[in-house]
Amino acid sequence: MSRLKLFLPLGLFLILVGLLYAGFSLDDPARLPSTMIDRDFPSFEMSQLEDPDTMVTEAIFGGRTVLVNVWATWCPTCKAEHAELQRIQEETGLPIIGINYKDDADEARAWLARYGSPYEFNIYDPQGRLGIELGVYGAPETFVVDAQGRIQFKWVGDVNRRVWNNEFLPVLQALEDQAAL
Amino acid sequence: MIPEIGQFALWLALGLAVALGTLPLIGAWRRDLFWMQSAFSLATGMFVFTLISFICLLIAFVTDDFSVAYVANNSNTLLPVYYKVSAIWGAHEGSFLLWTLVMAGWTLAVALRSKHLPIVISSRVLGIMGLISVGFLLFMLMTSNPFDRTLPIVPQDGADLNPQLQDFGLIVHPPMLYAGYVGFSVAFAFAIAALLTGKLDAAWARWSRPWTNVAWAFLTVGIALGSWWAYYELGWGGWWFWDPVENASFMPWLTGTALIHSLAVSEKRGAFKSWTVLLAIATFSLSLLGAFIVRSGVLTSVHSFAVDPERGLFILAFLIIVVGGSLLLYAVRAPAISGHSGYSGPSREVMLLLNNLLLVAALAGVFIGTLYPLAYEWLTGGRLSVGPPFFNAVFVPLMVMLTMVLGLAPFSRWKQTSFAHLWQELRWVLLASVVLGLVLPLIFAGVLHWQAVLATTLGLWVLLPHLKDLWQRAGYRWQGLSRPPRAHWGMLIAHVGFAFAVIGVGITSHYSVEQDVRMAPGQPVQVGERIYTLQNVRERQGPNFIADRATIEVQKGNRSYMLYPEKRHYFVRDIVMTQAAIRPRLDRDIYLALGDPLGGGAWSVRVHDKPMVRWIWLGALLMALGGVWAIRDKRYQRRRLRDQGRLDGVQTPARAGGQAGMPVAGRGSEAGSS
């Protein structure tokens, strides 16, 4: 038994190699299933980043389709996707609500002032409490919340043009079709 | 012509490396003295030809030979000559050549300094290092040849070196870092040689320790230089970003630190042997993994794998052979080397065990945080960042625990230490740390942050026991300070350095002030205790850039000085870079970065007031100094003299075939460990 124990480092290493090798062979992106899909947006009560005295609850949802984007100033990928969010907001007029995740409020406000804000407003989540409720892995993540306040889609990682066209547009199209019925 | 010579020299070096990786190992197996002795000349030859190749690339850079693709991509006629030299390691192919040269250099150093070792050991160590060099040279020649030509269309001028790399820090940072990474190959080779001979004794640990310390010191300096460079060059005023590239160098540092301490136990007490071997393998494996991943650009952009899958697959195959092979050897052979020794209670063994556990836990946290986004991107094509919140949450508590144990270190004893003894020695020190930890930040900043108080207390809790121990050993006299052996001094310096770094991190993280301000000429702006006045902004012509250079007066009380932050436009690559102006002092840095013009002669300026940030790098330098100081201990020197006398005996085949071990050294310097 103690002999077998000595093979443990080798075993762990081989698992790592398997993971690295998977990177070469996987072309088709496998999705992480999210337990949040088709559920109501979790209830919360948190302050707004832009105006800490204003409290925000899940009542902000409903009546329209919105994007919810989880971001932070410590996250370089968030900065990379920032321009794309601005483009989306300008071209589609889709409201984007930000969740400023585990961040410093002053830095976050300065960041928005410097780079411009695509957000209608931001929910300030310094402890990541709402993040836990939403099952956030890391920043950035983007959710589609429908007019009934249900989460319809979740994307982990940056939203770029390709992701937007291939992943988000079909979901939004389906929502529009449903509403038209 | 010269690039062809460089290329040819590389092939010759590969041939010698293949010979070095086979003949001495076969010789050691068959007990053939002639084959074993070939290791020394082969190692020399491998170094010479790698050096020739490196010099050829150097000539290509200095003479602006843009027919070489790598030179054309990374240099320019306007580049100052010292940057032309450092541009050799400015991108992948050339830095790999430097890496290979450093590897050959370490191999040569081992060959020169190991003549006193039993030849079955030294030939195996050199043979294993030769095998590693085979991998490096093959990788370079097959996938990353720095001598590839741009023929037939030779560009008129080069694309210039990335302006971020045109800097003193980047001249010295990579060589230091590589010397550290590759230096761990020596400890690795010793570990594999021990597994092959099935003999791992105190002598083995004593031979490995100096090499491990030196490699670790290089890596420490390399990481500190990288942090310092990021601090002043990137213009953000941050000194650590938990960025994958930094983590790649930090991971082997964590296991390397554990290895240094575990080797101490192996040498002094004959315990932890198999664990020590595993750490030696892990440290070098992480060096390879980290450096390869960074060098191949996998982490910064996963897509470089798709562009050049050959490179990625080669790396993976190499990792499987080196790491997988050595772990398999470990699994099969480790029972032959395990040993037992008794210890209990809060003994030094237990404390060093805690040290190892905490460092390895910290490694696991950094490892997961670094590779998770990578794995995620590979699996889904999406990108995400596991940011500083994750790393800080994992890393800081572990370091707090490590620091608490470290304060006990100088008063711990091998085998058995009683709590009563520790309490007796350390109760006043504990009280002093807590009180001063509260008072000092208050005097320094006037405000209390509990994290800063905790850091200061912990720093003092490391600092004071070590000073007390030193004073006791010196017999409470200044003249007695030369009494403790150098190994003990080394430990002391390194631990004090660690204490400095802890205090520096705590203070600078919580008392730094950062503000973006608008500065118009002649209008004073107050940030913190200081008043900043923009005098003017003038244009300045550099060798390959044009800069807007601001003159800003900084005033506190009736003392004032000037700082000159710049915004540089590098015209070849059309990149704008911020050149921060820093007034470095031990107690605080004043750091100005020029932003954008706001019209009407006004500029946005970012003002950083960073107290005690220097202590972090000072601490790192002290740690490295401690590591090097320790190996100047008499017991390594004396060993060498005594072993020299045994050379004659080693020359005969019978002798060479004998057992590798040497008598365990006396407890010459009992305190020299840890």
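This structure is a prediction, so every number in the text was calculated from the model and none was measured.

Calculation notes
- Residues numbered from 1 in each chain as written.
- Chains lettered and ligands numbered in written order.
- Predicted model: local features only at pLDDT ≥ 70, side-chain atom pairs only at ≥ 80, totals over all residues.
- Heavy atoms only, no water.
- Helix = DSSP H or I, 4+ residues; strand = E, 2+ residues; numbered from the N terminus.
- Buried < 20%, exposed > 50% of the residue type's maximum accessible area, 1.4 Å probe, protein only.
- Contact = heavy atoms within 4.5 Å.
- Areas by Shrake-Rupley, 256 points an atom, 1.4 Å probe, with all protein chains shown as cover.
- Domains from an automatic or database assignment.
- Buried area = accessible area lost by both parts, 1.4 Å probe.
- Salt bridge = Lys/Arg side-chain N within 4 Å of Asp/Glu carboxyl O.
- Polar contact = N/O pair within 3.5 Å; in protein donor to acceptor, adjacent residues only side chain to side chain.
- Nonpolar A, V, L, I, M, F, W, Y, C, P; charged D, E, K, R; others polar.
- Core = buried A, V, L, I, M, F, W, Y, C linked by side-chain atoms within 4.5 Å.
- Phe/Tyr/Trp six-rings, centres within 6.5 Å; stacked < 30°, edge-to-face > 60°.
- Lys NZ or Arg CZ within 6 Å of the ring centre and 35° of its normal.

Looking only at helices and strands, one finds six helices and seven strands in chain A. Counting from the amino terminus, helix and strand elements in chain A follow one another as α-α-β-β-β-α-β-α-β-α-β-β-α. The buried share of chain A, taken over its 181 residues, is 48%. Restricting the contact set of chain A to residue pairs at least 6 apart, pairs at least 24 apart contribute 71%. Accessible area of chain A: about 9300 Å², with a carbon and sulfur share of 53%.

Quick look at the domain arrangement of chain B now. Residues and elements named next belong to chain B. Partitioning chain B into domains gives domain 1 (1-166), domain 2 (172-406), domain 3 (416-510 + 614-658 + 667-674) and domain 4 (513-612). On the side of domain 4, 10 residues touch domain 3, which itself brings nine residues to the contact. Surface buried jointly by domain 3 and domain 4 totals about 840 Å² across both partners, of which 62% is contributed by carbon and sulfur atoms. Where Asp589 meets Arg614, a salt bridge forms, and the shortest distance between an N and an O atom there is 2.7 Å. Seen at the junction of domain 3 and domain 4, the total is five residue pairs in polar contact (both at pLDDT 80 or more). Of all the secondary-structure elements, those providing two or more residues to the side of domain 3 that touches domain 4 are α17 (486-511) and α18 (614-630). By residue class, the composition of the side of domain 3 that touches domain 4 is six nonpolar, two polar and one charged.

Taken as a whole and assessed by the stated rule, the structure comprises 26 salt bridges over all chains. For Arg109(A), the salt bridge goes to Asp106(A), with nearest N and O atoms at 3.0 Å. In this pair, Arg109(A) and Asp106(A) both sit in helix α4 (residues 105-115), three residues apart, roughly one turn of the helix. Judged by relative accessible area, which is 30%, Arg109(A) ranks as partly exposed. Look at Asp106(A) and you get exposed, because its relative accessible area is 55%. When the shortest N-O distance is used, the salt bridge between Glu529(B) and Lys556(B) registers 3.7 Å. Note that Glu529(B) is positioned in the loop between β2 (524-527) and β3 (530-541) and Lys556(B) in strand β4 (residues 545-556), a separation of 27 residues in sequence. One continuous salt-bridge network, built from bridges that share partners, spans Glu529(B), Arg530(B), Lys556(B), Arg588(B) and Asp609(B).

All right, on to the nonpolar core then. Residue and element names in this part refer to chain B. Among the nonpolar cores identified, the biggest contains 163 residues, and Trp99, Trp106, Tyr181, Phe190, Trp204, Phe250 and Leu254 are the most heavily contacted of them. With 17 residues, helix α7 (residues 168-197) is the single largest residue contributor to this core. Setting aside anything within four residues of it in sequence, one finds Phe190 in contact with Leu117, Ile121, Val125, Trp204, Trp207, Ser208 and Trp211.

All names here are of chain B. Within the structure shown, the criterion is met by 35 aromatic pairs over all chains. Ring geometry for Phe136 versus Phe318: centroids 5.7 Å apart, planes at 50°, classification tilted. Here Phe318 lies in helix α12 (residues 309-337) and Phe136 lies in helix α6 (residues 119-143), a separation of 182 residues in the sequence. Neither residue differs from the other here; Phe136 and Phe318 are each classed as buried. Aromatic ring contacts, followed pair by pair, group Phe96, Trp99, Phe136, Phe139, Tyr178, Tyr181, Phe314 and Phe318 into a single cluster. Its end group placed over the ring of Trp35, Arg30 keeps NZ or CZ at 5.5 Å from the ring centre. The ring of Trp629 carries Arg632 above its face, with NZ or CZ at 4.7 Å from the centroid.

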